Amino acid sequence: MGSALLRDLIWTIFTMKKVIRSTTVIAVCLVLVAICLLTGCQSNIQANARRHINSINHRGYVDAPENTLSAFRMSKEMGFDCVECDVRFTKDNQPVLLHDKTVIRTSNGRGKISDMTLDEVRRLDFGSWKSMQYVGEQIPTFEEFISLCAELELHPYVEIKNDVTLQQTQRLVEIVDKTDLSVTWIGRDRDVLTLISQLRIGDRIGLLTELLNQDALRYLSQLSETTEVFADCFYATLTRSQIKRAKLFGIPIEVWTVNSEAIVSNIDPYITGVTSDFINAQELFNTL
């Protein structure tokens, strides 16, 4: 039930020929508002139940140490078709999976990844911080991740961090070129995303943003002339007005990181992808 219909109903009450006490009018209006809200919520749920959506597992499944091969294997076991990873480079220019600039939070070592060689970082334990079950888990190389995705038929969402150079980006593309995989590339550096769109025809490009403004939409609109694009938005800061603006530009929206089933169930039907630590949006929609 739309807002225009709600206004019409309320106006009808106020213009009835019989005199209605003001308290009765207020009560009726409140009931109508509740009905509209509930109907709108139910409408969203029904729309979601009928749709396809990209369900992306954030850094692999949350029960395993993030950005490890064990986490991505668990993603497959939990029914995900898409997995998201973060890429950084070592001192000797080797691409590895790591979210932070340092290894402190997710390993038993210290220091910046950019100050360590691949051999040095491979000696560290990237699993025991999560669980003793994963003692000795190594940091994966980007090539190992891509090979695993090809083996398990997982679609990779590759987030390229801001300190990755254009030359290093070409290295990532060369690794993917050795496979038949299609990749979704996400990041904030527009020069990097533009380069990938030129080198990897057919891959998808997502611009990461907490503020979906007209400048971001114009950039994506220009890129969309040759590449499939979308805005990859932080859900907590995404507004209805931003969604409306994206619709005007014809730019799809995906969101991160949503870990509430209630939010996912009632998510705006315009949103085409949900990144989560553990919720598979498509499977959830199939149960509605």
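Residues numbered from 1 in each chain as written. Predicted model: local features only at pLDDT ≥ 70, side-chain atom pairs only at ≥ 80, totals over all residues. Heavy atoms only, no water.

Focus: the overall build of the protein chain
Part 1 of the reasoning: Along the backbone of the protein chain there are 11 helices and 9 strands.
Part 2 of the reasoning: Looking at the protein chain as a whole, 47% of its 288 residues qualify as buried.
Part 3 of the reasoning: The long-range fraction of contacts in the protein chain, counting pairs at least 24 apart against all pairs at least 6 apart in sequence, stands at 57%.
Part 4 of the reasoning: A total of about 14,700 Å² of accessible surface is found on the protein chain, and carbon and sulfur atoms cover 52% of it. (Helix = DSSP H or I, 4+ residues; strand = E, 2+ residues; numbered from the N terminus. Buried < 20%, exposed > 50% of the residue type's maximum accessible area, 1.4 Å probe, protein only. Contact = heavy atoms within 4.5 Å. Areas by Shrake-Rupley, 256 points an atom, 1.4 Å probe, with all protein chains shown as cover.)

Things to note about the state of the cysteines
Part 1 of the reasoning: Within the structure shown, the criterion is met by 0 disulfides.
Part 2 of the reasoning: Cysteine Cys149 is unpaired, with the sulfur of Cys85 as its nearest cysteine sulfur at 7.2 Å. (Disulfide = S-S within 2.5 Å.)

Quick notes on the environment of Ile175
Part 1 of the reasoning: By the secondary structure assignment, Ile175 is in helix H6 (residues 166–177).
Part 2 of the reasoning: For Ile175, a relative accessible area of 6% gives the class buried.
Part 3 of the reasoning: Separated by 32 residues in the primary sequence, Ile175 and Glu143 place their C-alpha atoms 6.3 Å from one another.

Thoughts on the packing of helix H3 (residues 69–77) against helix H5 (residues 142–152)
Part 1 of the reasoning: Interhelical geometry of H3 versus H5 gives an angle of 20° and a closest axis separation of 11 Å. It follows from the interaxial angle that H3 and H5 lie roughly parallel. H5 is crossed by H3, and the crossing has right-handed handedness. From H3, Leu69, Phe72, Arg73 and Lys76 reach across to H5, where they touch Glu144, Phe145, Leu148 and Leu152.
Part 2 of the reasoning: Residues belonging to the contact of H3 with H5 are distributed by class as follows: 5 nonpolar, no polar and 3 charged. (Axes fitted to C-alpha atoms, helices over the stretch in contact; angles between N-to-C directions. Parallel < 35°, antiparallel > 145°, perpendicular 65-115°, else oblique. Left-handed = near helix turned anticlockwise from the far one by under 90°. Nonpolar A, V, L, I, M, F, W, Y, C, P; charged D, E, K, R; others polar.)

Comments concerning the side chain of Arg51
Part 1 of the reasoning: Note that Arg51 resides in the loop between helix H2 (22–49) and strand E1 (54–58).
Part 2 of the reasoning: Of the buried charged residues, Arg51 lacks a salt bridge, with Asp268 as the closest side chain of opposite charge at 6.7 Å.
Part 3 of the reasoning: Other than its neighbours up to four places away in sequence, Arg51 contacts Ile267, Asp268, Pro269, Ile271, Thr272, Gln282 and Phe285. (Lys, Arg positive; Asp, Glu negative; His and termini not counted. Salt bridge = Lys/Arg side-chain N within 4 Å of Asp/Glu carboxyl O.)

Some thoughts on H3
Part 1 of the reasoning: Every buried residue belonging to H3 is among Leu69, Ser70, Ala71, Phe72, Met74 and Ser75, and all of these are buried.
Part 2 of the reasoning: Of the surrounding elements, those touching the buried residues of H3 are E1, strand E2 (82–89), strand E3 (95–97) and H5.
Part 3 of the reasoning: After H3 finishes, the residue Gly79 shows a positive phi value of roughly 95°.

Observations concerning empty space enclosed by the protein
Part 1 of the reasoning: Scanning the entire structure with this criterion turns up 1 cavity of 30 Å³ or more.
Part 2 of the reasoning: When its volume is computed, the largest cavity comes out at roughly 50 Å³.
Part 3 of the reasoning: In terms of lining residues, the largest cavity is bounded by Glu66, Asn67, Thr68, Leu97, Leu98, His99, Thr106, Phe126, Gln138, Ile139 and Pro140.
Part 4 of the reasoning: Residues belonging to the lining of the largest cavity are distributed by class as follows: 5 nonpolar, 5 polar and 1 charged. (1 Å grid on protein atoms, 1.4 Å probe; cavity = no way out; pocket = protein on both sides within 12 Å on 5 of 7 lines; lining within 4 Å. Points joined across faces, edges and corners; volume = space filled by probe spheres on them.)

Concerning the environment of Ile251
Part 1 of the reasoning: Within the element layout of this structure, Ile251 appears in the loop between helix H9 (240–249) and strand E8 (253–256).
Part 2 of the reasoning: Classification of Ile251 by relative accessible area gives buried; the value is 1%.
Part 3 of the reasoning: In the structure, Ile251 is positioned 27 residues away from Ser224 in sequence and 8.4 Å away in space, judged by C-alpha atoms.
Part 4 of the reasoning: Each residue touching Ile251, except ones within four places of it in the same chain, is listed here: Leu217, Leu220, Ser221, Val229, Phe230, Ala231, Ala246 and Tyr270.

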